[in-house]
Amino acid sequence: MKIKLDHNLSPYLKEILNELGHDTMTADEEGLSKASDALLLYQATVEGRVLFSLDKGFANVDIYPRNTHAGIVVFEQKRNETIGIVERRLIAFARSRSQKKVEGSTVVVEKTRIKFPRGKHKKKSG
């Protein structure tokens, strides 16, 4: 999988993900650590990379519709969870998924399940 790590994830994950066979870049190494969410996602999309982030805003499919990007995976961190626990979940996810399974999708990886947000349903007029 081609992955872009958001600045809110440790850059040391790049080495681990690359060892698992992924092609990983970080926002920091591309000078995008202070970039807007839209710019970061745009750059990931141009590069054909799935964005890995802790930012729950990326899970909003009304703002970032499916099939307009290469894929977004948001890793949820509960208040009582350390970042180490979340990072282990991220590594497990990366081991078990291929790019084709997340391509163009928005995925939220929670402690006990994986969700695919649907967005708000618009009422049809008429």
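Here the structure is shown first, and the text comes after it.
Notes on the structure follow. (Residues numbered from 1 in each chain as written. Predicted model: local features only at pLDDT ≥ 70, side-chain atom pairs only at ≥ 80, totals over all residues. Heavy atoms only, no water.)

Bringing the sheet that holds strand β5 (residues 106–109) into the picture now. The mixed open sheet is built from six strands, whose spatial order is β2-β1-β3-β4-β5-β6. Edge positions in the sheet fall to β2 (23–26) and β6 (114–115), since each of these pairs with one other strand and no more. In this structure, strand β3 (residues 50–53) lies alongside strand β4 (residues 72–75), joined through three bridges in parallel fashion. Across the sheet, Leu 51 pairs through a bridge with Ile 72, a residue of β4. Seen against the sheet, helix α3 (residues 83–96) touches β3, β4, β5 and β6 and runs at an angle of roughly 145 degrees to β4. (Pairing = 2+ DSSP bridges. Helix = DSSP H or I, 4+ residues; strand = E, 2+ residues; numbered from the N terminus. Contact = heavy atoms within 4.5 Å. Axes fitted to C-alpha atoms, helices over the stretch in contact; angles between N-to-C directions.)

Phi at Asn 67 takes a positive value of approximately 65 degrees, unusual for a residue other than glycine. With respect to the element layout, Asn 67 can be found in the loop between β3 and β4.

Our next topic: the pairing of strand β1 (residues 2–5). Note that β1 and β2 share four bridges and pair parallel. For Leu 5, the partnering residue across the bridge sits in β2 and is Thr 26. Summarising the sheet, β1 and β3 pair through three bridges and their orientation is parallel. Opposite Lys 4, over in β3, you have Leu 51 as the bridge partner.

This part covers α3. Counted at 1.5 Å a residue, the expected span for α3 with its 14 residues is 20 Å, and the 20 Å between its end C-alpha atoms agrees. All of the buried residues in α3 are Val 86, Glu 87, Arg 89, Leu 90, Ile 91, Phe 93 and Ala 94. Those residues of α3 that are buried are in contact with α1 (13–19), β3, β4, α4 (99–102), β5 and β6. (Expected span 1.5 Å × (residues − 1). Buried < 20%, exposed > 50% of the residue type's maximum accessible area, 1.4 Å probe, protein only.)

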